[in-house]
Amino acid sequence: MRIVVCVKHVPDIQSERALGPDGRVVRDGGDGTLNELDENALEAALALVESLGEGSVVALTVGPDDAADAVRKGLQMGADEAVHVVDDAIAGSDAIGTARVLAAAVQHLAAQEPVDLVVTGMAGLDGLTSLLPTALATLLDLPALPLGAELTVDAAARTVRVRRNLDHATEVLEAPLPAVVSVTDQANEPRYPNFKGIIAARKKPIATLTLADLGLDASDVGAAGARTQVVSAAARPAREDRVLVTDDGEAGVKLARYLVEHKLV
């Protein structure tokens, strides 16, 4: 079984976040990291291959030079291959543009060796749109099984199944392979790269692809192909209605009184 995991290089969630004058997230290249929710996708793929006893995992990313760090982390966790789509024309892509590039990259990989499953995280922590998995499935014309809290594959029947935990119900979705699956942070606990994995990752090459390699036109991606546009943005204003309570032993009582007075309980 060959599994492609789409991962993203995002600004550190603990760092100062801002939009530039062009409406894009400021990425200064100094604080980037692998999208935390994509670690769950990598873990799900690695665990599947381990449980089946065969197969390979390909970490795939789209972005500037720094994005290579995302797939390198995937290699450290245990991925067998890493692919980085890098092209200046991709800058400014929205979720749909990014999905176009990823879909073309998956098709490129499938032409070399069949791809049985595409796995993503539930969202990117920079944009938090959660649009990409379904858009990717649509462009690939594959079944979409989003927001899985549990992922299993029946290799003999060539089917994939996910369990989804909703607010008031639990759903089980099943589809034939190949398919696109996104997993939530409930799906697993991502492994930490060990020393052996870190050393091994240094010896594994990261394949690079351009839009020309994928047969994509620059007008279909980047700012030119974006379906969304940031009209304006401003820093969140400081809160002025805060009530600060110094705990002198009666803080609990004061808090309860505040909640009752404002009909919050």
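Structure: see above.
A short tour of the structure in this document, coming up. For every chain, the first residue of the written sequence is number 1, and numbering continues from 1 along that sequence. In keeping with the model being predicted, local features are shown solely for residues with a pLDDT of at least 70 and side-chain atom pairs are shown and tallied solely at 80 or more, while totals for entire chains, interfaces and linings include all residues. Hydrogens and waters are ignored; side-chain quantities use all the structure's heavy atoms.

**Some points on the overall build of the chain**
So, step 1. Scanning the chain from terminus to terminus reveals eight helices and 12 strands.
So, step 2. Once the C-alpha set of the chain is aligned to its principal axes, its extents read approximately 65 × 45 × 40 Å.
So, step 3. Here the contacts in the chain between residues at least 6 apart in sequence split such that 69% fall between residues at least 24 apart.
So, step 4. Total accessible area on the chain stands at roughly 15100 Å², and carbon and sulfur atoms take up 51% of it.
So, step 5. Considering the chain, the positive charge centre built from 24 side chains and the negative charge centre built from 39 side chains are found 2 Å apart. We count a stretch as a helix when DSSP gives it H or I for four or more residues in a row; a strand needs E for two or more, and each element gets its number in order from the N terminus. Only heavy atoms matter for contacts: two residues are in contact if any of them lie within 4.5 Å across the pair. Residue-level accessible areas treat just the shown protein chains as cover; the underlying method is Shrake-Rupley with a 1.4 Å probe. Positive charges are assigned to Lys and Arg, negative charges to Asp and Glu, while His and the chain termini are left out of the count. The atoms used to mark charge sites are NZ of Lys, CZ of Arg, CG of Asp and CD of Glu.

**Here's the deal with the sheet that holds strand β12 (residues 206-209)**
So, step 1. Strands pair, by our definition, only if DSSP identifies at least two bridges between them. Taken in spatial order, the seven strands of this open sheet run β7-β11-β6-β1-β4-β5-β12, and their pairing is parallel. Pairing within the sheet leaves two strands with one partner each, and these edge strands are β7 (144-148) and β12. Looking at each pair of strands side by side, their axes are set apart by 20° on average, direction ignored.
So, step 2. When strand β4 (residues 56-62) meets strand β5 (residues 81-85), the two strands line up parallel, connected through five bridges. Looking across to β5, one finds that A59 is bridged to A82.
So, step 3. Helix axes are fitted only over the stretch in contact, all axes being lines through C-alpha atoms; the angle between N-to-C directions runs from 0 to 180 degrees. Where helix α2 (residues 68-77) meets the sheet, it contacts β4, β5 and β12, and its direction lies at approximately 170° from that of β5.
So, step 4. Most of the contacts of helix α3 (residues 95-112) go to β4, to which it runs at about 145°, and overall it touches β1 (2-6), β4, β5, β6 (117-121) and β12.

**A word on the packing of α3 against helix α4 (residues 132-140)**
So, step 1. Two elements in contact, α3 and α4, have axes separated by 9 Å at closest approach and are oriented at 50°. When the axes of α3 and α4 are compared, the pair comes out oblique. Remark: the crossing between α3 and α4 carries right-handed chirality. Contacts between α3 and α4 involve A95, I96, T98, A99, R100, L102, A103, V106 and Q107 on the former and, on the latter, L132, A135, L136, L139 and L140. An angle below 35 degrees is read as roughly parallel, one above 145 as roughly antiparallel, one from 65 to 115 as roughly perpendicular, and any other as oblique. When the near helix sits turned anticlockwise from the far one by under a right angle, the crossing is termed left-handed; a clockwise turn instead gives a right-handed crossing.

**Things to note about the packing of helix α1 (residues 36-52) against α2**
So, step 1. Running from N to C, α1 and α2 point in directions that differ by 35°, and their axes come no closer than 11 Å. Here α1 and α2 pass one another in a crossing that is right-handed. Here E39, L42, E43 and L46 of α1 lie close against α2, whose contacting residues are K73, G74 and M77.
So, step 2. Residues are grouped as follows: Ala, Val, Leu, Ile, Met, Phe, Trp, Tyr, Cys and Pro are nonpolar; Asp, Glu, Lys and Arg are charged; every other residue, Gly included, is polar. Across the contact of α1 with α2, the residue classes break down as three nonpolar, one polar and three charged.

**Thoughts on the layout of surface pockets**
So, step 1. Both cavities and pockets are sets of points on a 1 Å grid over the protein atoms alone; in a cavity a 1.4 Å probe fits but cannot get out, in a pocket the set is open with protein on both sides within 12 Å along at least five of seven lines, and lining residues sit with an atom within 4 Å of a point. Grid points are joined across faces, edges and corners, and a volume is the space filled by probe spheres set on the points. Here the second largest pocket is characterised by a volume of approximately 240 Å³.
So, step 2. Around the second largest pocket sit E36, L37, E39, N40, K73, D185, E189, P190, R191, Y192 and P193, which together line it.
So, step 3. The greatest single-element share of the lining of the second largest pocket, amounting to four residues, is contributed by α1.
So, step 4. Residue composition of the lining of the second largest pocket, grouped by class: four nonpolar, one polar and six charged.

**Points about the pairing of strand β11 (residues 179-183)**
Sheet faces and side chains relate simply in a regular strand, where the side chains alternate between the two faces.
So, step 1. Note on classification: 1.4 Å probe, protein chains only; a residue is buried when its accessible area is under 20% of the maximum for its type, exposed when over 50%, partly exposed between these limits. The element β11 is extensively covered by neighbouring structure, given that five of its five residues are classed as buried.
So, step 2. Side chains of β11 alternate between two faces, with A179, V181 and V183 and V180 and S182 buried alike.
So, step 3. Here β6 runs beside β11; their pairing, made up of five bridges, is parallel. Bridging from a neighbouring strand, G121 pairs with V183 of β11.

**Brief notes about the sheet that holds strand β8 (residues 150-154)**
So, step 1. With antiparallel pairing, the three strands of this open sheet are ordered in space as β8-β9-β10. Both outer strands of the open sheet, β8 and β10 (170-176), are each paired with one neighbouring strand and no more. For this sheet, the mean angle separating the axes of adjacent strands, direction not counted, is 15°.
So, step 2. Two elements, strand β9 (residues 159-165) and β10, share seven bridges in a ladder whose sense is antiparallel. Residue pairing in the sheet places R161 in a bridge with E174 of β10.

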